[in-house]
Structure formats: structure tokens, C-alpha cells
Amino acid sequence: MRVRLLGTAAGGGFPQWNCGCANCRGVRAGTLAARARTQDSVAVGDGGDWFLLNCSPEVRQQLESFAPLQPRAPRDSPIRGILLTNGDLDHCLGLFSLREAQPLVVYTTPAVRAGLERNAMLQTLQRSRDQLMWKTLILDEEQPLAGELLVTPFALPGNVPLHLKATVAPSLEDNIGLRIRHGERRLIYAPGAATIDALPRDADCLLLDGTFWSDDELIRLGLGERRASDMAHFPVRESIAQLKAMNTRQKLFTHINNTNPILVEDSPERRAVEAAGWRVGEDHLELTI
Ligand code: MLT
Ligand code: MN
Ligand code: ZN
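None of the values given here were measured: they were computed from a predicted structure. (Residues numbered from 1 in each chain as written. Chains lettered and ligands numbered in written order. Predicted model: local features only at pLDDT ≥ 70, side-chain atom pairs only at ≥ 80, totals over all residues. Heavy atoms only, no water.)

## Description of the coordination of the manganese ion (ligand 2)
- For the manganese ion (ligand 2), the full set of protein donor atoms is Asp90 (OD) and His255 (NE2), at a range of 2.1 to 2.2 Å. You can see aspartate 90 sitting in helix α3 (residues 89-92) and its partner histidine 255 sitting in the loop between β12 (250-254) and α7 (268-275), a full 165 residues away along the chain.
- On the accessibility criterion, histidine 255 (5% relative accessible area) is buried. (Donors = N, O, S within 2.8 Å, 3.2 Å for Na, K, Ca; no water. Helix = DSSP H or I, 4+ residues; strand = E, 2+ residues; numbered from the N terminus. Buried < 20%, exposed > 50% of the residue type's maximum accessible area, 1.4 Å probe, protein only.)

Set out below in C-alpha cells:
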């Protein structure tokens, strides 16, 4: 299977429009050893069939950056489906940019679908009866995608989307990871995880929540009161320690917040991540699994 990292930043992107932190200022000025990143999304392909894992607000630019995702006929898309790991805006807002009467197949848990269906704007994807087709992701059940690709969703501890917080009861289906299998090859995609205890350990490639380096990152930078744990993101520092023994050929972090020091290519935190056998995901990176 082919895997292309379309975007590797957390919500807001890197740099983030209203952020003047050292990382955002440095990447804008070109004075920092760091690359700009769009918001988290992955393309997975087998032959000519492609799937998007999450659909970021920058989806248009992400599709234009990768020829295999582009039309082969006057009205066409090789994207056979879009799988959502939660209903956060950084993961689903791009759906509304794909509204030009193109049929879309969207795979979600029932809880994530219910959250999306509260929004009147969803009707813009339902101009004809068959424009939006829902497929249900059932926790721990493997189902075929296309070609030889199969997906198994699994629950990960997370939060309900900010815009639903006061209005829905939390559910195990709010935040999931995806195991994509092609024969014996397995990709685990888990861009948001409050803990990593439930993470399957049998991956050939793991794309893990890299939002924050440390629990108190935003507090120490004077950018807010919220801890990584309040936002349901397990810190990178803890992940590399806890997963030391994990026997996975390729391990990468994605969904990286603009404040995270691992974005800086010559930082001690970046060196620690690499010394532990991990890579820091970046946009356009292609992996063969
Ligand atoms: C997150 O990853 O914690 C969310 O995307 C936060 C948000 O929706 O702003
Ligand atoms: Mn996010
Ligand atoms: Zn910033």
C-alpha cells in the first residue's frame, strides 16, 4: 500500500494565522530550521483506489499537491472514500470544500455522523440523493475498502468535538484510530489519543498523535491554561518512553501543534525523538508499507 502524508500539523496548521510563538515567527521569517505544515490528513492507496484519512480545511491544496488524487476525466476523482477519526473541525472541515456535486463516500462511527448531521451546511453535500454516501465504522470490526485494503476502527480515549461539548454525551465512538491492512501489512493511524494503552502493537507503520511534546507545553509558553491531557493528547515525550519496546519498522508523529519543539530540526527534543527511532512527519512524505 502507498501512504502519503498530506498534512501533518494539528488544528490551526503551522504557522497558525493568529500565533506569534517562537516557532510560528521563526518559520514565517525563514530563520528557524522548520517546515510549514498543513493540517493532519493522510492518503492511502492501492493501485488506482485512494482513501483519505481525515479531511482537513486545506484539502484542496493537499489534493493539488499529489497527482494520483487528481481527476482522470472531466468530472472524476480517484478518491473512493474519506474516513474520519473524529468530528473535530481540523479533520472534517475539508468535506465542505469537496462539494462540487461529486459523489462522496464518508466512513464514520455513528456518533461522529450524528455530530456532522446536526449541521445545516451538510446539505450542501446532498444536492442529489446519492451525492453523500455514509458508511458505518463499527469498532473492532474489519471491513473491506477497495482493492485489497481493509480497515479496522478501534476506540481511543478522546474528547467530543469542541462545538458539541455541552450538547452530547461522550461515547467510545467519538475518537478512533484506524488500522488499515493490505495482506500482512498494517498501518495504524492514531492522530489523537489521550492515552496509548489501547493502541494495537502489531503495526508495520504507526502514525501517532504528536500534538504536544509535554503536558504543560501551552502553559509554559504562556499561551493558555490547558494541558495536553485536558485536550486528550498524549505527549510525545511520554509516548517515546512508553513505546520503547514496540517492534514497529516505521514510527512517525503527526498532528503536530505549532508550539511543539520537535518541529525544529536542530532542537534537543527532535534529537530525542529520532534517537528513540521515531520520525517527525512532514507534508508530502511518502511511505511504502
Ligand atoms: C484537537 O485535536 O484537540 C482538536 O482539533 C482541537 C480543536 O478542535 O480545535
Ligand atoms: Mn485536532
Ligand atoms: Zn505558534
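Now that the structure has been shown, we can carry on.
## Let's talk about the sheet that holds strand β4 (residues 79-83)
- Strands sit in the order β6-β5-β4-β3-β2-β1-β14 across an open sheet of 7 strands; the sheet is mixed. With partners counted over all chains shown, the strands left at the sheet margins are β6 (132-136) and β14 (286-288), one partner each. Mean inter-strand twist for the sheet, computed between neighbouring axes without regard to direction, equals 25°.
- Pairing of strand β5 (residues 104-108) with β6 involves 5 bridges; the strand directions are parallel. From the neighbouring strand, valine 106 faces β6, where its bridge partner is tryptophan 134. (Pairing = 2+ DSSP bridges. Axes fitted to C-alpha atoms, helices over the stretch in contact; angles between N-to-C directions.)

## Some details on the state of the cysteines
- All chains considered together, the criterion is met by 0 disulfides.
- With no disulfide of its own, cysteine 55 lies 8.4 Å from the sulfur of cysteine 92, the closest cysteine sulfur. (Disulfide = S-S within 2.5 Å.)

## Some points on the coordination of the zinc ion (ligand 3)
- At the metal site, the zinc ion (ligand 3) is ligated by Cys19 (SG), Cys21 (SG), Cys24 (SG) and Asn258 (OD1), and these contacts range over 2.2 to 2.3 Å.
- Angles of 102 to 117° at the metal separate the 4 donor atoms of the zinc ion (ligand 3), which places the site in the tetrahedral class.
- Between consecutive donor residues of the zinc ion (ligand 3), the sequence gaps follow C-x1-C-x2-C-x233-N.
- The class for cysteine 19 is buried, based on a relative accessible area of 10%. (Tetrahedral: all angles 85-135°; square planar, octahedral: opposite > 155°, others 65-115°.)

## Observations concerning the sheet that holds strand β9 (residues 176-182)
- Taken together, the 7 strands give an open sheet; going across it, the order is β7-β8-β9-β10-β11-β12-β13, and neighbouring strands pair in mixed fashion. The outermost strands of the open sheet, each flanked by one partner alone, are β7 (143-144) and β13 (279-280).
- Sheet topology places β12 next to β13; 2 bridges connect them, and they run parallel. Bridge pairing in β13 links phenylalanine 253 to valine 280.

## Points about the site of ligand 1
- The immediate surroundings of ligand 1 are formed by Asp88, Asp90, Leu162, Met231, His233 and His255.
- In the model, an oxygen atom of ligand 1 is placed 3.3 Å from a nitrogen or oxygen of the aspartate 88 side chain.
- One of the side-chain N or O atoms of aspartate 90 is found 2.9 Å from an oxygen atom in ligand 1.
- Coverage of ligand 1 by the protein chains reaches 73% of its 270 Å² of free accessible surface.
- Of the pockets mapped on this structure, ligand 1 occupies the largest pocket.
- Grouping the constituent residues of the shell around ligand 1 by class yields 2 nonpolar, 2 polar and 2 charged. (Near = heavy atom within 4 Å. Polar contact = N/O pair within 3.5 Å; in protein donor to acceptor, adjacent residues only side chain to side chain. Areas by Shrake-Rupley, 256 points an atom, 1.4 Å probe, with all protein chains shown as cover. 1 Å grid on protein atoms, 1.4 Å probe; cavity = no way out; pocket = protein on both sides within 12 Å on 5 of 7 lines; lining within 4 Å. Sits in = over half its atoms within 2 Å of the grid points. Nonpolar A, V, L, I, M, F, W, Y, C, P; charged D, E, K, R; others polar.)

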